[in-house]
Amino acid sequence: MAASRRPGRNHLFIPGPTTIPDRVIRAMSVQSEDHRSPSFPELAKPLFQDAKMVYGTTEGTILLYPSSGTGIWESALTNTLCRGDKVIAARFGQFSHLWVDMAQRLGLDVIVQDEEWGTGADPEKIGEALRADKDHAIKAVMIVHNETATGVTSDVGAVRKAMDAAGHPALLFVDGISSIGSLPFKMDEWKVDCAVAGSQKGFMLPAGLGLLCVSQKALKVAEGGQGGANDRLGHVYFAWSDQLNANKGGYFPYTPALPLLYGLREALAVMKEEGMENIYHRHHVLAEATRQAVAAWGLKTCAKEPKWNSDTVTAIVVPEGTDAAKVISHAYDRYNLSLGAGLSKVAGKVFRIGHLGDLNELSLLGAIAGAEMAMIDCGVKVTPGSGVAAASSYLRENPLHKA
């Protein structure tokens, strides 16, 4: 008779949701309370200030919604844009495709700049389009900072430089769902106008809390700049004005996701204790160790060049004739390891190791060992132990935290 219980824990190495620190889980174990009580602002108000640390901003405004990151995308678009507005969107993976799809379904005129999957946004191409837009009909540029489908990170700073060089006033929207909290993010320096994040990635929380950081420029546009506030795309649940009015007193316009707010408070404390620079360094070291393992296996990543490498997720291309979906399902069934699946154009061609959130060297080595065993079991010709050896050698020489 097959065992009905699987000992040990599931090893979660998809690129989000990520493993939740035990102290954050404990912080979320709270009884229901009155979210309109006089004491509630003691919980809520500090969150709007403390979350700025993660975005790299002192000037931005934080909004918190009981939502996934997709809802925050919609909030960014509908509060600032009007039906028929032109926007530029770089598309180079499944999640950048979904943002294009949303913008089109909302009634925006999307200028899609398709790039090869495995690469990212092209700042020069964006700059050319903006320079050609003499009448400033283009109202926004939409960039996915970290494309989890392909394990690619785009250079948002370079996009901002291209926009400035073109002398164009378009807003800059950045999807940082799988980057913010794990990769360096410079909201103020890059002059990002709307930065989208989700609780289930670098913030190390369950899904369900959407975080949005908005520039002063974007707030002015939402209040009635270009096109007039009355011409905005429809929005009620995601209205900034309702949120901001309630947030002033430390409240929300509707019932908040209370346990997630307590979790966010604790997660921000965890991040502050480690320090953002240490967090960024740790993610880079773990990512590079993963790439060392891939090279030792004789395989390639989906990212076409090192400059595109993501430090939160590595998409690994399996040999031709191998079904990556079988490797993923075998890893789960045999070793209780959850790996990320290939999406859309790369379905069946890649599996993904997510290395973001609350993890260290030994956590990662477990995932690399499990992926290695699953590949061998599925007929992929890699040398047993090669990936683990390469990763462990790198990790021994490169501490997770700088001295």
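Just so we're clear, the structure is a prediction, and the values are computed from it rather than from any experiment.

What follows covers the overall build of the protein. Scanning the protein for helices and strands turns up 14 helices and 14 strands. For 403 residues, the compact-globule formula gives about 22 Å, and the C-alpha radius of gyration of the protein, at 22 Å, lands near that figure. A principal-axis box enclosing the C-alpha atoms of the protein has dimensions of 65 × 55 × 45 Å. Looking at the protein alone, contacts between residues at least 24 apart form 73% of all its contacts between residues at least 6 apart. In the form shown here, the protein has an accessible surface area of approximately 17,000 Å², with 51% of it arising from carbon and sulfur atoms.

Moving on: the packing of aromatic side chains. For the coordinates displayed, the defined rule picks out nine aromatic pairs. Each ring, one from Phe-40 and one from Tyr-251, has its centre 6.2 Å from the other, and the planes form 20°; the classification is stacked. Of this pair, Phe-40 sits in the loop between helix 1 (22–28) and helix 2 (41–50) while Tyr-251 sits in the loop between helix 9 (240–247) and helix 10 (258–274), placing them 211 residues apart in sequence. On the accessibility criterion, Tyr-251 (23% relative accessible area) is partly exposed. Taken together, the ring pairs in this structure connect Phe-40, Phe-48, Tyr-251 and Phe-252 into an aromatic cluster. Here Arg-6 stacks its cationic end above the ring of Tyr-332, 5.4 Å away from the centre of that ring.

Turning to the nonpolar core, a few remarks are in order. Ranked by internal contacts, the top residues of the largest apolar core, which has 88 residues, are Tyr-55, Leu-64, Leu-77, Val-141, Phe-203 and Trp-240. A total of nine residues in this core trace back to one element, the largest contributor, which is helix 10. Here Leu-77 is in contact with Trp-99, Met-102, Ala-103, Leu-106, Leu-108, Met-142, Phe-173 and Leu-233, once residues within four sequence places are set aside. Counting 32 residues, the second-largest nonpolar core is a separate cluster that includes Ile-316, Leu-337, Ile-353 and Leu-359.

Moving on: empty space enclosed by the protein. Evaluation of the coordinates by the stated rule reveals three cavities of 30 Å³ or more. Here the largest cavity is characterised by a volume of approximately 50 Å³. The wall of the largest cavity is formed by Thr-150, Gly-151, Arg-291, Thr-301, Cys-302, Ala-303, Asn-309, Ser-310, Val-313, Thr-314 and Ala-315. At three residues, strand 12 (residues 313–317) tops the list of elements feeding residues into the lining of the largest cavity. Looking at the lining of the largest cavity residue by residue, the class counts come to four nonpolar, six polar and one charged.

Contact geometry of helix 11 (residues 276–297) with helix 13 (residues 361–377) gives a least axis separation of 11 Å together with a crossing angle of 25°. Judged by the angle between their axes, helix 11 and helix 13 are roughly parallel. The way helix 11 lies across helix 13 gives a crossing that is right-handed. Together, Leu-286, Ala-289, Thr-290, Ala-293 and Trp-297 of helix 11 and Glu-361, Leu-364, Ile-368, Ala-371, Glu-372 and Met-375 of helix 13 make up the contact between the two elements. Of the residues belonging to the contact of helix 11 with helix 13, the class tally is eight nonpolar, one polar and two charged.

What follows deals with the sheet that holds strand 9 (residues 194–198). Hydrogen bonds along the backbone pair up the strands of a sheet, which may run parallel or antiparallel. The strand order across the open sheet built from seven strands is 2-10-9-8-5-3-4, with neighbouring strands paired in mixed fashion. Both edges of this open sheet fall to strand 2 (61–65) and strand 4 (109–114), since each of them pairs with a single strand only. Between one strand axis and the next, the sheet turns by 20° as a mean value, whatever way the strands run. Inspection of the sheet shows strand 9 paired to strand 10 (residues 210–214) by five bridges, in the antiparallel sense. By the bridge assignment, Ala-197 is partnered in strand 10 with Leu-211.

Turning to helix 11, a few remarks are in order. Between its terminal C-alpha atoms helix 11 stretches 32 Å, which fits the 32 Å expected from 22 residues at 1.5 Å a residue. Just downstream of helix 11, Gly-298 is the residue with a positive phi angle, here 80°.

This paragraph deals with the side chain of Arg-282. On the secondary structure map, Arg-282 appears in helix 11. On the accessibility criterion, Arg-282 (7% relative accessible area) is buried. Among the polar contacts listed, one links the side chain of Arg-282 to the side chain of Glu-274, at a separation of 2.7 Å. When neighbours within four sequence positions are excluded, Arg-282 is seen to be in contact with Glu-274, Gly-357, Leu-359, Leu-400 and His-401.

What follows covers the layout of surface pockets. The computed volume of the largest pocket comes to approximately 450 Å³. In terms of lining residues, the largest pocket is bounded by 26 residues, among which His-145, Thr-153, Ser-154, Asp-155 and Lys-307 are the most central. The set of elements that each furnish at least two residues to the lining of the largest pocket consists of helix 7 (156–166) and helix 11. For the lining of the largest pocket, the element with the highest residue contribution is helix 11, accounting for five residues. Taken as a whole, the second largest pocket spans an internal volume of roughly 360 Å³. In terms of lining, the second largest pocket is formed by 17 residues, of which the most central are Arg-9, Leu-12, Thr-19, Asp-358 and Ser-363.

Criteria and cut-off values
- Residue indices begin from 1 for each chain and proceed along its sequence in written order.
- The model is predicted, so local features are restricted to residues of pLDDT at least 70 and side-chain atom pairs to those at 80 or more, both for listing and for counting; the totals for chains, interfaces and linings are taken over all residues.
- Hydrogens and waters are ignored; side-chain quantities use all the structure's heavy atoms.
- Only DSSP runs of H or I with at least four residues qualify as helices, and only runs of E with at least two residues qualify as strands; both kinds are numbered from the N terminus onward.
- Here the globule rule is a power law, 2.2 Å times the number of residues to the power 0.38, and the radius of gyration is based on C-alpha atoms.
- For this analysis, residues touch if any pair of their heavy atoms sits within 4.5 Å.
- Every accessible area reported is derived by Shrake-Rupley at a probe size of 1.4 Å, with residue values counting cover from the shown protein chains alone.
- Two rings from Phe, Tyr or Trp (for Trp, the six-membered ring) form a pair when their centres sit within 6.5 Å of each other. Planes less than 30 degrees apart are called stacked, planes more than 60 degrees apart edge-to-face, and all others tilted.
- Relative accessibility decides the category of a residue: with a 1.4 Å probe and only protein chains considered, values under 20% of the type maximum give buried, values over 50% give exposed, and everything between is partly exposed.
- In this analysis the charged atom, NZ for Lys or CZ for Arg, is taken to sit over a ring once it is within 6 Å of the ring centre and within 35 degrees of the ring normal.
- Residue types Ala, Val, Leu, Ile, Met, Phe, Trp, Tyr and Cys, when buried and joined through side-chain atoms within 4.5 Å, form a set referred to as a nonpolar core.
- Only protein atoms enter the 1 Å grid used here, on which a cavity is any set of points holding a 1.4 Å probe that cannot leave and a pocket is any open set flanked by protein within 12 Å on both sides along at least five of seven lines; residues with an atom within 4 Å of a point are listed as lining.
- Grid points are joined across faces, edges and corners, and a volume is the space filled by probe spheres set on the points.
- Residues are grouped as follows: nonpolar covers Ala, Val, Leu, Ile, Met, Phe, Trp, Tyr, Cys and Pro; charged covers Asp, Glu, Lys and Arg; every other residue, Gly included, is treated as polar.
- Helix axes are fitted to C-alpha atoms over the stretch in contact, other axes to C-alpha atoms as well, and angles between N-to-C directions run from 0 to 180 degrees.
- Under this scheme an angle from 65 to 115 degrees is roughly perpendicular, one under 35 degrees roughly parallel, and one over 145 degrees roughly antiparallel; angles in between are oblique.
- Two helices crossing with the near one rotated counterclockwise from the far one by less than a right angle form a left-handed crossing, whereas a clockwise rotation gives a right-handed crossing.
- Only when DSSP finds a minimum of two bridges between them are two strands counted as paired.
- Between the first and last residue of a helix there are one fewer steps than residues, each counted as 1.5 Å, and that sum is the expected span.
- N or O atoms closer than or at 3.5 Å make up a polar contact, with two conditions inside protein: a donor-capable atom paired with an acceptor-capable one, and, for residues adjacent in sequence, both atoms drawn from side chains.

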